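Listed below are the residues making up each chain.
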Amino acid sequence: MHAWPASEVPALPGKGRDLRIHDTATGGRITLDPGPVARIYVCGITPYDATHMGHAATYNAFDLVQRVWLDTKRQVHYVQNVTDVDDPLLERAVRDGQDWTELAERETALFREDMTALRMLPPKHYIGAVEAIPGIVPLVERLRDAGAAYELDGDVYFSVETDPHFGGVSNLDTEAMRLLSAERGGDPERPGKKNPLDPMLWMAAREGEPSWDGASLGPGRPGWHIECVAIALDHLGMGFDVQGGGSDLAFPHHEMGASHAQVLTGEYPFAQAYVHAGMVALDGEKMSKSKGNLVFVSKLRHDGVDPAAIRLALLSHHYRSDWEWTDQVLADAVERLGRWRAAVSRPDGLPAEALVEEVREALADDLDAPAALAAVDRWAERQNTGGGTDEGAPGLVSRTVDALLGVAL
Ligand code: 5CA
Ligand code: ZN
């Protein structure tokens, strides 16, 4: 499917620094070493209740990863999916008495609008689960033929024990994995499975639900994890640089995806780094579709909030921390945007070469956006209270904030 339009990324003088980022698998910070074309896969939305602040915060984090890479004069090959068929989407469509394809299309369109307004760089390949099905079926067949998958009443399960690295992404004990599996789309209680954690690869057609031709698998629809694996392997190949998503995807989604891919190809690892954003909460609870405690990007936009202020609100928290969305967070961002705009609209100003380096360093250091904002704040404060005579400074600051933070002043 089509993505959304790209905003232009200004080229800055000099060259950015290599990204050091926290990797969930190793539990520490690693220096990424992408080739001239950095490869990133970010899990996309399941298209209903889009785009809430939690979604926006997570996509903001991975937008920063790309901006750091672009500043090192690399190209970026970015792939994202849309889970446009899955249990929660179908359940929502039934609940609201609407056609599931219409729901998915409408919400995906809204997501594109929100991403465009927030100046999130678009993926080069934006792929729906449904359009990926012809590529998913042969992968499931291969896993089955290799003895890594088995059938249970027509459904096909992946055997986690066939991957010697299984567990190495999230590093959880068995009990924790069991609990999270039950919470996040798995079925550890289903009788007849070889291991309670085994995830479904192919679900045989159910009465009243959509299904597709599955060749030797029979009609059905794909499991969640194999969807992202098929799309990532097709467009990026093994060993790509960053697999990204919110922290709720570390297990089971990214753990299972890595295992599927590693068993399929016999290669290791699936991704060089597994990067996870913290959870955004509202009123003390994780913002989630199931709880319905959501603040939508589109609602704020329609209320007249400048998308640049929404973006600054997201940037004011470190991507790895869990944080709470409040009216104050937004009010602070609106105020900061005003200060920055006043500072760059003066005809000349304080030299800004050092500021460019500070912002670069902050972002290369595990995407420390709050430190980057603080650096710009200091420049703006001195600029608004005194200023200088460097004619190029306001323009350079404006381009830096645009190129590295995605904020248009
Ligand atoms: N379609 C799958 C991924 S393949 C999915 O998880 N979709 S989603 O719509 O539920 O979430 C999209 C992204 O937003 C995921 O990376 C998820 O981790 C992230 N996300 C969801 N809720 C929050 C939240 N409250 N805070 C931060 N990120 C969130
Ligand atoms: Zn995914």
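For clarity, every value in this text was computed on a predicted model and none was experimentally measured.

**Q** So what exactly am I meant to see when it comes to the overall build of the protein chain here?
**A** Secondary structure assignment for the protein chain yields 13 helices and 14 strands. A globule of 409 residues ought to have a C-alpha radius of gyration of about 22 Å, and the protein chain, at 22 Å, matches this closely. Of all 409 residues assigned to the protein chain, the portion counted as buried reaches 56%. Contacts in the protein chain between residues far apart in sequence, at least 24 positions, make up 79% of those at least 6 positions apart. Total accessible area computed for the protein chain in this model is approximately 16,300 Å², and 50% of it derives from carbon and sulfur atoms. On the protein chain, the mean spot of the 38 positive side-chain charges and the mean spot of the 63 negative ones are 4 Å from each other.

**Q** Even after reading the chapter, I still don't get the domain arrangement of the protein chain, so can you show me in this structure?
**A** When its domains are assigned, the protein chain resolves into domain 1 (20–277) and domain 2 (297–405). Spacing between the C-alpha centres of domain 1 and domain 2 amounts to 33 Å. Every contact between the two is made by 26 residues of domain 1 and, on the other side, 25 residues of domain 2. Across the interface of domain 1 and domain 2, roughly 2,500 Å² is buried in total on both sides, 55% from carbon and sulfur atoms. Interface area lost by domain 1 to domain 2 is led by Arg20, Met53 and Leu118, which between them contribute 26%.

**Q** Help me understand the coordination of the zinc ion (ligand 2), please; the structure alone is not making it clear to me.
**A** Cys43 (SG), Cys228 (SG) and His253 (NE2) make up the full set of protein donors to the zinc ion (ligand 2), lying at 2.0 to 2.3 Å. Taken together, the four donor atoms coordinating the zinc ion (ligand 2) and their angles of 102 to 120 degrees define a geometry best described as tetrahedral. Between consecutive donor residues of the zinc ion (ligand 2), the sequence gaps follow C-x184-C-x24-H. Of the two residues, Cys43 sits in the loop between β3 (37–42) and α1 (53–71) while His253 sits in helix α7 (residues 250–265), which places them 210 residues apart along the sequence.

**Q** Looking at this structure, I do not really get empty space enclosed by the protein. What am I missing?
**A** Taken as a whole, this structure holds four cavities of 30 Å³ or more when the rule is applied. Considering the residues around the largest cavity, the lining is formed by 14 residues, among which Ala57, Asn60, Leu314, His317 and Tyr319 are closest to the centre. Of the residues forming the lining of the largest cavity, the biggest block, four residues, is contributed by α1. For the lining of the largest cavity, the per-class residue count stands at nine nonpolar, five polar and no charged.

**Q** Please explain the pattern of salt bridges as it appears in this structure.
**A** Oppositely charged side chains can form a pair if their charged atoms are brought close together. Overall, the coordinates contain 32 salt bridges when judged by the stated rule. Between Arg20 and Asp365 there is a salt bridge whose closest N-O contact spans 3.9 Å. Highlighted residues: Arg20 in strand β1 (residues 20–23) and Asp365 in the loop between α11 (353–364) and α12 (369–385), separated in sequence by 345 residues. With relative accessibility at 25%, the residue Asp365 sits in the partly exposed group. Between Asp377 and Arg339 there is a salt bridge, with the nearest N and O atoms lying 3.4 Å from each other.

Calculation rules
Residues numbered from 1 in each chain as written. Chains lettered and ligands numbered in written order. Predicted model: local features only at pLDDT ≥ 70, side-chain atom pairs only at ≥ 80, totals over all residues. Heavy atoms only, no water. Helix = DSSP H or I, 4+ residues; strand = E, 2+ residues; numbered from the N terminus. Rg over C-alpha atoms; globule rule 2.2 N^0.38 Å. Buried < 20%, exposed > 50% of the residue type's maximum accessible area, 1.4 Å probe, protein only. Contact = heavy atoms within 4.5 Å. Areas by Shrake-Rupley, 256 points an atom, 1.4 Å probe, with all protein chains shown as cover. Lys, Arg positive; Asp, Glu negative; His and termini not counted. Charge placed at Lys NZ, Arg CZ, Asp CG, Glu CD. Domains from an automatic or database assignment. Buried area = accessible area lost by both parts, 1.4 Å probe. Donors = N, O, S within 2.8 Å, 3.2 Å for Na, K, Ca; no water. Tetrahedral: all angles 85-135°; square planar, octahedral: opposite > 155°, others 65-115°. 1 Å grid on protein atoms, 1.4 Å probe; cavity = no way out; pocket = protein on both sides within 12 Å on 5 of 7 lines; lining within 4 Å. Points joined across faces, edges and corners; volume = space filled by probe spheres on them. Nonpolar A, V, L, I, M, F, W, Y, C, P; charged D, E, K, R; others polar. Salt bridge = Lys/Arg side-chain N within 4 Å of Asp/Glu carboxyl O.

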